[in-house]
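Here are the chains, one letter per residue:
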Amino acid sequence: MLYRIMDGDYRGSCGGCSEDMTVEFGYEPHVLAVDDNLIDRTLVEKLLKNSSCKVTTAENGLRALEFLGLGSDERNSLEGTVSKVNLVITDYCMPGMTGYELLKKIKESSVLKEVPVVIMSSENIPTRINQCLEEGAQMFMLKPLKQSDVRQLKRHLMKYRS
Amino acid sequence: MDVVNQLQRQFIDYSASLHREGFLDDQFTQLQKLQDDNSPDFVVEVASLFFEDCEKLINNMARALEQQQGVDFKQVDASVHQLKGSSSSIGAMRVKDVCIAFRSFCEAQNREGCLRCLQQVTHEYSLLKNKLQTLFRLQQQILAAGGSIPVVE
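About the cut-offs
- Residues numbered from 1 in each chain as written.
- Chains lettered and ligands numbered in written order.
- Predicted model: local features only at pLDDT ≥ 70, side-chain atom pairs only at ≥ 80, totals over all residues.
- Heavy atoms only, no water.
- UniProt positions renumbered as here; feature names shortened; annotations may be inferred.
- Helix = DSSP H or I, 4+ residues; strand = E, 2+ residues; numbered from the N terminus.
- Areas by Shrake-Rupley, 256 points an atom, 1.4 Å probe, with all protein chains shown as cover.
- Contact = heavy atoms within 4.5 Å.
- Buried area = accessible area lost by both parts, 1.4 Å probe.
- Salt bridge = Lys/Arg side-chain N within 4 Å of Asp/Glu carboxyl O.
- Polar contact = N/O pair within 3.5 Å; in protein donor to acceptor, adjacent residues only side chain to side chain.
- Nonpolar A, V, L, I, M, F, W, Y, C, P; charged D, E, K, R; others polar.
- Buried < 20%, exposed > 50% of the residue type's maximum accessible area, 1.4 Å probe, protein only.

In the nomenclature of an unreviewed UniProt entry, chain B is known as Histidine-containing phosphotransfer protein of Gossypium australe. Listed under Function (unreviewed entry) in UniProt, the entry text for chain B is "Functions as a two-component phosphorelay mediators between cytokinin sensor histidine kinases and response regulators (B-type ARRs). Plays an important role in propagating cytokinin signal transduction."

The name an unreviewed UniProt entry gives chain A is Response regulatory domain-containing protein, with Gossypium harknessii as the organism. Recorded in UniProt under Sequence similarities (unreviewed entry), the annotation for chain A is "Belongs to the ARR family. Type-A subfamily." UniProt, in its Function (unreviewed entry) section for chain A, records the words "Functions as a response regulator involved in His-to-Asp phosphorelay signal transduction system. Phosphorylation of the Asp residue in the receiver domain activates the ability of the protein to promote the transcription of target genes. Type-A response regulators seem to act as negative regulators of the cytokinin signaling."

As structure tokens, this is what we get:
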């Protein structure tokens, strides 16, 4: 499985692709950003909006699942529907449900399992990273995020689109 | 134009000193780069959120450390973890560094060490708050005089 760990010093070169995600995706990708920290939520929202994404934020895993239609009382209502979002980006360390647990729930859903999930963390712990990647996370990103990280994320997602 | 130049010079020098003295790191510059016409007050807004968050977390830590019947170090650590995250995201380097030490004391369940860190983090937070308020005031003065905010790399 191919993966890239991003640290704060990563500076990839674009190699000719556009800065604007709209051109690559053909529409404004809708991203669900999950983080219990208000400052981090604000920052990731801005980073994504600056890359032409539509952004919905959630402050914990439960709210995220509710938004996605996977809330505990909605378990069967998703059959035959299409995912609302093109990408989920979530913090790992959250009270209640961790980002890893949220990832698992998304991957268990027949409708949502194809949605790429990116995990963010302030801590660079290889076992944690491997655990997430093995569970199907598209990428693992180190906080604090910068604009170049979001550009890198976009390039990575483009490479693995069918 | 001379007034604007003077103010811009002051802003650049002040900004440079904040970086040099470790109050701010590169992440703060990243935030400034995110500011655009869509969100012209982005940095001030995020800084305000940060200060509110700081105060709340510091109060939580103080309350938890005051417990005479036994300190819940996990609770203290949870708040320190939050503050470490926020300060890292905004580029508040000195605050972040105290948080790193603070977490070690939490792990060691060292109340004295924690109290010292709490004092330090409170001190660093209020220093930073004053300095950022000065920086933002300079920005306002530049804009009011019809100038633009220099981009500091």
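Chemist: Lay out the overall build of chain B with the relevant residues and their values.
Modeler: The secondary structure content of chain B amounts to six helices and zero strands. The helix and strand sequence of chain B, counted from the amino end, reads α-α-α-α-α-α. Its C-alpha atoms give chain B principal-axis dimensions of about 65 × 30 × 20 Å. As displayed, chain B offers around 8000 Å² of accessible surface, 48% of which is attributable to carbon and sulfur atoms.

Chemist: Give me the interface of chain A and chain B: which residues, what numbers.
Modeler: Taken together, the contact pairs 18 residues of chain A with 19 residues of chain B. Where chain A abuts chain B, roughly 1500 Å² becomes buried across the two surfaces, and 56% of that area is made up of carbon and sulfur atoms. Of the charged contacts, one joins A:K46 and B:D36 as a salt bridge, the two residues approaching to 3.1 Å between their closest N and O atoms. In this structure, the connection of chain A to chain B is made through eight residue pairs in polar contact (both at pLDDT 80 or more). Sort the elements by how many residues they give to the side of chain A that touches chain B and helix α2 (residues 38-49) of chain A lands first, with seven residues. Residue classes in the side of chain A that touches chain B are distributed as seven nonpolar, five polar and six charged.

Chemist: So what about the environment of A:L87? Which residues, and what values?
Modeler: Residue and element names in this part refer to chain A. Relative to the assigned elements, L87 resides in strand β4 (residues 87-91). Judged by relative accessible area, which is 4%, L87 ranks as buried. The spatial distance from the C-alpha of L87 to the C-alpha of L157 is 9.4 Å, given a sequence separation of 70 residues. Not counting residues within four places of it along the chain, the set of residues in contact with L87 comprises H30, V31, L32, V115, P116, V118, L153 and L157.

Chemist: I'd love a proper account of the UniProt feature "modified residue: 4-aspartylphosphate" (unreviewed entry) in chain A, names of residues and values included.
Modeler: Residue and element names in this part refer to chain A. The UniProt feature table records "modified residue: 4-aspartylphosphate" (unreviewed entry) at D91. Tracing the backbone shows D91 in strand β4. For D91, a relative accessible area of 6% translates into the label buried. Not counting residues within four places of it along the chain, the set of residues in contact with D91 comprises V34, D35, D36, G99, M120, S121 and K143.

Chemist: Any details on the UniProt feature "modified residue: Phosphohistidine" (unreviewed entry) in chain B? Residues and values, ideally.
Modeler: Under the UniProt annotation, "modified residue: Phosphohistidine" (unreviewed entry) lies at B:H81. Residue placement: B:H81 occurs in helix α4 (residues 73-90). B:H81 gets classed as buried once you look at its relative accessible area, which sits at 18%. Non-local contacts of B:H81, meaning those with residues more than four positions away in its chain, are made with A:C93, A:S122, A:E123 and B:R103.

Chemist: Break down the side chain of A:T90 for me, citing the residues and quoting the values.
Modeler: Residues and elements named next belong to chain A. Relative to the elements of secondary structure, T90 occurs in strand β4. Taking relative accessible area as the criterion, T90 reaches 0% and is therefore assigned buried. Setting aside anything within four residues of it in sequence, one finds T90 in contact with V34, G99, L102, V117, V118, I119 and M120.

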